[in-house]
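Structure assessment
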Amino acid sequence: MPGRKFADGEVVMGRWPGSVLYYEVQVASYDDASHLYTVKYKDGTELALKESDIRSLSSFRHRKSQSSSSSPSRRSSSRSRSRSPGRPAKGRRRSSSQSREHKDDRKKTIQETNVALLKLSENNTQSYNGEPDSTERNDTSCIILEQKSKPELEIQRVLEQYSLRPRKEEKKKEEIYSEKKIFETRKTIEKATPKTKELEFGGRIGTFVMIFFLPATVFYLLLMCKQDDASLLNFPPPLPALESLWEARVFGVFLLWFFLQALFYLLPIGKVVEGLPLSNGRKLQYRINGFYAFLLTAAVIGTLLYFQFELHYLYDHFMQFAVSAAVFSVALSIYLYIRSLKAPEEELAPGGNSGYFVYDFFTGHELNPRIGSFDLKYFCELRPGLIGWVVINLAMLLAEMKIHNQSVPSLSMILVNSFQLLYVVDALWNEEAVLTTMDITHDGFGFMLAFGDLVWVPFVYSLQALYLVGHPTAISWPVAAAITTLNCIGYYIFRSANSQKNNFRRNPADPKLACKCISLFAQLLYSVSLCYLNTHFNCGTDYNTLFTDLKFIPTATGKGLLVTGWWGFVRHPNYLGDIIMALAWSLPCGFNHILPYFYVIYFICLLVHREARDEHHCKQKYGLAWEKYCQRVPYRIFPYIY
Ligand code: NDP
């Protein structure tokens, strides 16, 4: 086979990305275009590797026997050298053999960081002892180039990596930082994004249909919502004349809104943080100022209202605004696709690099399209659409008061506005969390996200408020109190589950992650629900473990998978909370029509599908460890149901 060194089915040693660990793997396939091998690790993980990251078994056995013959005294001298504060100065006078040895030392430190992380985490959090084989059997299934212990330096490096190191140790920071740089530089020689082989969303045909189906659904829902009898069983109303759907002034207002948000995004206020490492090891920087943008927007809207600007202009031209946003999102998607053709291979999205135009156009070809430091995807995710949703809701509230001659908005409208305002403010307050979502790390920026962020979110998520303008629904105070309680429960689960995972990802050794961070309320909620379920379904969940220290399953990547707390309850507790909230947003609209429940129905479908996608990615990432997690936490979203 010209052009490739290893055959399908051959057992070889494959390097674990970002480390110097070599595992026994089997070659599954080879991609001629990207020159990448798909290899399967023993724990089931599949990865695409470059030829240079693969070695034959025989060459490895040779290396291993050489390394095991090295004398202990040599090891200890190497250890003391690398701990010496004068190391950089000495390094300049090294002979070539010494510098080779020094390079090996650097390689070794990378590996040791991973090992140390696991050890440190175990000490602090009493990790679950059912580690995946790959973690437990480092000495057999994985060959480490050199293995020596340097406990102090290891701990310092881990502390640095997880921001645990006390500030007064600044003096040593430079030294550790240079080690970290080596770590990152080594990671930048990672592979280019491999071709997307497993197509999602129904593949080419599915994505082609969605490009037309999604806009059609938005316009159908908006048209139905304006009908007196909004029953979905009715025949759709006749299409409005095309010229009535477009008004240049409305498009101008939309552009003004978009660029005002872009201006707020560019303001040098708020902290700058790094995103997750890209496939080449690089980390992009993001400014976290979404909440400030929200406050500034509130000030602008407040000023407009003060000067008698009629915000219900939005309600009067709602369909035209939706058309403007759709036209803009299509134009943006075309621009994104064209520019992605010139993007370097390594900057393409792992999920949108199939080589099929329609598929890549829909899912997004480029992962993080930027104009200078302006990140288009990150900006669109939480700004114009999400903040726009709240402004639309407010416009509906004012329109309701005006149309029905009310001096105060209805209770239903107040509930819908407040619940959704809380959701948006929460998302902006915790803006940093978006950086770890699959939208940012996996999906490219194409039609799916552009249309989703700019059209679907503001115009479909505000359906309940729009419905209430044309279909006033009176609810009593006790009903309002019951719905509010439901929303609070949903929000509590959603927020604490997301925070638990984000804090754990940021700092696995954080003592706050132990039982103290789970409030009495959550304990009560857990206990009551699990007691009930255990009694009625005879399931033996030990809910006492939910309130002891958080436990996790270590994985071969160095990250852990939580198996207690919310993440030991179901595999996606945050989705559960989100769905409960979605129901609470629809209930104020009463039970006359199913239309205001469109959001909760659609949202369940979205999250079930999203959960399946995430499950697939996690299975690939974590292999056996993920299977163990699934055994330990069998339910995906709804306990004892799904
Ligand atoms: P999640 O926040 O649920 O993240 C999933 C990731 O979490 C996995 O890929 C894995 O990533 C990590 N993970 C999974 N299990 C564990 C575990 N046991 N322990 C530690 N880490 C684990 O995914 P989403 O990005 O889909 O959702 C984020 C939030 O956004 C959710 O609350 C969701 O409800 C909401 N959302 C809202 C939408 C809306 O339109 N309103 C749309 C979509 C989402 P890794 O291991 O790599 O860290």
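To keep things clear, this report deals only with the structure shown in the data block. Everything numeric in this text was worked out from a predicted model, so none of it was measured.

This part is about the pattern of salt bridges. Overall, the coordinates contain 14 salt bridges when judged by the stated rule. Measuring nitrogen to oxygen at the nearest pair gives 2.8 Å for the salt bridge that ties Arg495 to Asp426. Of this pair, Arg495 sits in helix H20 (residues 477-506) while Asp426 sits in helix H16 (residues 411-429), and the two are 69 residues apart along the sequence. For Arg495, a relative accessible area of 16% corresponds to the buried category. Notably, a salt bridge pairs Asp443 with Arg613, separated by 2.7 Å at the nearest N-O pair. A residue pair is termed long-range when its members are at least 10 positions apart, and Asp443 in the loop between helix H17 (438-441) and helix H18 (447-460) and Arg613 in helix H23 (residues 598-622) qualify at 170 residues. Per residue, the accessibility class of Asp443 equals that of Arg613, and both read buried.

Right, let's get into the packing of aromatic side chains. Per the counting criterion, the structure on display carries 45 aromatic pairs. Centre to centre, the rings of Tyr286 and Tyr378 are 4.9 Å apart; their planes meet at 65°, and the pair counts as edge-to-face. Taken together, the residues span a long stretch of sequence, with Tyr286 in strand S8 (residues 285-288) and Tyr378 in helix H14 (residues 376-382) at a distance of 92 residues. The class of Tyr286 is buried, set by a relative accessible area of 4%. When the centroid spacing of 6.2 Å and the interplanar angle of 50° are considered together, the rings of Tyr599 and Tyr602 count as tilted. Taken as a pair, Tyr599 and Tyr602 lie in helix H23 at a separation of three residues, close to a single helical turn. For the pair shown, Tyr599 and Tyr602 are each scored as buried. Linked through ring pairs, Trp389, Tyr423, Trp456, Tyr461, Tyr491, Phe494, Trp585, Phe598, Tyr599, Tyr602 and Phe603 together constitute an aromatic cluster. Above the plane of the ring of Tyr356 lies Arg204, whose end atom (NZ or CZ) is 3.9 Å from the centre. Against the face of Tyr286 rests Arg370, its NZ or CZ located 4.9 Å from the ring centre.

Pairing between strand S1 (residues 11-15) and strand S2 (residues 21-31): five bridges, direction antiparallel. Within S2, the residue paired with Val11 across the bridge is Gln26. Of the strand pairs in this sheet, S2 and strand S3 (residues 36-41) are connected by six bridges, and their pairing is antiparallel. Along S3, the bridge assignment pairs Val27 with Val39.

By the element assignment, Ile371 lies in strand S9 (residues 370-371). Not counting chain neighbours up to four residues away, the residues in contact with Ile371 comprise Tyr335, Arg339 and Leu376.

Moving on to the environment of Thr485. Counting through the fold element by element, Thr485 comes out in helix H20. Through-space distance from the C-alpha of Thr485 to that of Ala584 is 8.8 Å; in sequence the pair is 99 residues apart.

Conventions we followed
- Residues numbered from 1 in each chain as written.
- Predicted model: local features only at pLDDT ≥ 70, side-chain atom pairs only at ≥ 80, totals over all residues.
- Heavy atoms only, no water.
- Salt bridge = Lys/Arg side-chain N within 4 Å of Asp/Glu carboxyl O.
- Helix = DSSP H or I, 4+ residues; strand = E, 2+ residues; numbered from the N terminus.
- Buried < 20%, exposed > 50% of the residue type's maximum accessible area, 1.4 Å probe, protein only.
- Phe/Tyr/Trp six-rings, centres within 6.5 Å; stacked < 30°, edge-to-face > 60°.
- Lys NZ or Arg CZ within 6 Å of the ring centre and 35° of its normal.
- Pairing = 2+ DSSP bridges.
- Contact = heavy atoms within 4.5 Å.

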